[in-house]
Amino acid sequence: MPTRILPAGADPDAVRSLVTLLSQLPDAEPQPPVTDSTQLVDALARVAAESVDELPEVVVVHERIGPVPALELIREVALRFPAVGVILVTTDASPGLFAAAMDSGARGLVSLPLSYEELASRVQAVAQWSTGVRRHLGHGAEVPSGAGGTVVTVSGAKGGVGATLVAVQLALAAQASGRATALVDLDLQTGDVASYLDIQFRRSVADLAAITDISPRVLADALFRHDTGLALLLAPGEGERGEEVTDRVARQIVSSLRSRYEVVVVDCGAQLSGAGAAVVEMADTALLVTTPDVIAVRAAKRTVRMWDRLQIRKAEETTVVVNRHTRNTEIQPALVQRITGTALARTAVPANFKELQGVVDAGRVHELDARSTVKQALWALAGELGLVRAADEGSAGSHRGGGRGPVGFRRRKE
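Predicted model, so just to flag it, every value in this text is computed and none were measured.

**Re the overall build of the protein**
When helices and strands are tallied, the protein shows 14 helices and 13 strands. Expected size for 414 residues packed as a compact globule is a radius of gyration near 22 Å; at 22 Å, the protein falls within 12% of this value. Structurally, the protein occupies a C-alpha span of about 70 × 45 × 40 Å along its principal axes. When contacts within the protein are restricted to residue pairs at least 6 apart in sequence, long-range pairs at least 24 apart make up 76% of them. Total accessible area on the protein stands at roughly 18,600 Å², and carbon and sulfur atoms take up 49% of it. Separation of charge centres in the protein, based on 43 positive and 48 negative side chains, amounts to 5 Å.

**Considerations on the nonpolar core**
Counting residues in hydrophobic clusters, the biggest one holds 45 residues, and the most contacted among them are Leu 186, Leu 233, Ile 253, Leu 257 and Val 266. If we ignore the near neighbours within four places in the chain, the residues touching Leu 186 are Val 205, Ala 250, Val 266, Asp 267, Cys 268, Ala 275, Gly 276 and Val 279. With 43 residues, the next largest nonpolar core counts Ala 163, Val 265, Ala 377 and Trp 379 among its residues.

**What about helix α6 (residues 163-176)?**
Between its terminal C-alpha atoms α6 stretches 20 Å, which fits the 20 Å expected from 14 residues at 1.5 Å a residue. Buried residues dominate α6, accounting for 14 of its 14 residues. Gly 178 occupies a position one or two residues after α6 and carries a positive phi of about 105°.

**Section: the sheet that holds strand β3 (residues 58-62)**
In a beta sheet, neighbouring strands are held together by backbone hydrogen bonds and run either parallel or antiparallel to one another. The parallel open sheet is built from five strands, whose spatial order is β2-β1-β3-β4-β5. Strand pairing shows two members of the sheet lacking a second neighbour, β2 (28-30) and β5 (108-111), which therefore form its edges. On average, each strand axis in the sheet is inclined to that of its neighbour by 25°, with strand direction left out of account. Examined bridge by bridge, strand β1 (residues 3-8) and β2 share three bridges and lie parallel to one another. Across the sheet, residue Thr 3 finds its bridge partner in β2, namely Ala 28. The sheet strands contacting helix α3 (residues 70-80) are β3 and β4 (85-90), and the helix crosses β4 at an angle near 175°. Its contacts with the sheet place helix α4 (residues 95-104) against β4 and β5, and it is angled at close to 145° to β5.

**Considerations on unusual backbone geometry**
Between Gly 66 and Pro 67 the backbone carries a cis peptide bond, its omega angle lying at -5°. Tracing the backbone shows Pro 67 in the loop between β3 and α3. Geometrically, the link from Leu 112 to Pro 113 is a cis peptide bond, its omega value of 0° lying close to zero. Mapped onto the elements of the fold, Pro 113 is located in the loop between β5 and α5 (116-137). In the Ramachandran plot, Asp 27 falls in the positive-phi region, its phi being about 60° despite a non-glycine side chain. Structurally, Asp 27 can be placed in the loop between α1 (12-24) and β2. Here Gln 311, not a glycine, exhibits a phi torsion of approximately 60°, which is positive. Here Gln 311 is to be found in the loop between α11 (294-309) and β12 (318-322).

Parameters and conventions
Residues numbered from 1 in each chain as written. Predicted model: local features only at pLDDT ≥ 70, side-chain atom pairs only at ≥ 80, totals over all residues. Heavy atoms only, no water. Helix = DSSP H or I, 4+ residues; strand = E, 2+ residues; numbered from the N terminus. Rg over C-alpha atoms; globule rule 2.2 N^0.38 Å. Contact = heavy atoms within 4.5 Å. Areas by Shrake-Rupley, 256 points an atom, 1.4 Å probe, with all protein chains shown as cover. Lys, Arg positive; Asp, Glu negative; His and termini not counted. Charge placed at Lys NZ, Arg CZ, Asp CG, Glu CD. Core = buried A, V, L, I, M, F, W, Y, C linked by side-chain atoms within 4.5 Å. Buried < 20%, exposed > 50% of the residue type's maximum accessible area, 1.4 Å probe, protein only. Expected span 1.5 Å × (residues − 1). Pairing = 2+ DSSP bridges. Axes fitted to C-alpha atoms, helices over the stretch in contact; angles between N-to-C directions.

Keep in mind these numbers describe shape, not what the thing actually does.
Quick look at the structure:
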C-alpha cells in the first residue's frame, strides 16, 4: 500500500525540492503541498471529516512554514490527528531542537540540505509507526477523527459593544444543549467573565503560562467549574499578569481545551494581543461584535483590515454579529456587511437593556429569563453557528442555569 505524504512549507523552492525527493521514494504517494499552517490543519480536518482512513500517514513540515511556528503547528497536528506522523525539516539538527521537536509530538527530524537516504529512512519509519497506531486503534477502539472540538472566538469592534455577553450566552447555550463546553476569558487585562457570572476564583489562564506540557490534571486545576456546568478559564485578576500569556501559550491552551471539550468559546475582548491574534487565527469561527452606530462600524472595519494585514484572518472568514439592533436605526446589518466585507450572522441581537440590567448588575447573566428577547436571539445565534445539539438529542431545559426558551436548535451541516 502506498504511503501518503503531505508536504507543508512556505518556501516554494524548498517545497519543490522536497516534493521531488518524496516522489522518488519507493511506494510513496506525495500529495499536493500546502503553503501555510492554516491550510495544513484545514486540509487534514476536511479529510478526517470524510474518512479517517484517508488521512496521510506522514506530514512533512518545513521549518519556514507560517504563520504558526513549526513546533507549535506540530503540537496542534499531534493533538488533533494523533495517528498522523509528523517529520520536521530543518537546518538546525542540534540535540536541543531535536528534543523540542519530540516534545511537540514530531516523529522524526530531517536536516537540510536534504539527503535522499535520510529522508527515505525517516519517512519509512514514521509511516510504519502511523500504520501500527491505526492498526492498534482499529481493534476495539474507534480511530480519533482528529477534528476536535469547535473553537469560536468573540471579539469586540470596540469596547462596550457587548462581546462578553455574547460569549457567555453562546457558551451557556452550548452547555445547556448537552455539549461539554469551555469558556475562556482571553481579555487579559480587563476580562469580566467572572463578574458576569458572580464567581470568586484563584486560578487563571496566567497560571498555565509557564507550563510546557498541559496535562489533563494541570488543566483541571486551572479551570473553574460553574453551577451551569461550564468549564471556565478566567483572565487574571491582576491585569499586568496578562503579559505572561504569549501567543504560544494561547495556542497550547486552546489546543488542549479543544481536545477535551466539544465547544470552546473564547472572549478575546476589543484589544488585540498576541495571544488573542493566535486564537483568532486558529478558530473555526471568528465573531466580531459591533453595534449599529457609525463609530462602532468604523471600528469593525478597522479591525477587519488589521486582521487581514497581519494575516490573522481574511474578511470573508470573519462573521460580524450586530448587537443592540433596532428596526428604525439608519445602519442595518446588511449595510454593516457591505462596509466591512465580512460574512454576516443572520441573527441580530435586539436592543433591550431593561431585560439585562437586573442580571448584569447582580453578576448573574446565566439567570437571564428564557423569555428575554436578547437571550432568545443569542441562543438562536448559537444554533446558527452549530454550537448546540439538535432539539431531539437533548433538552436544554433540564440543565441548571435557566431554560432554553422557545428557540429551536438545529445542528449545522458541515
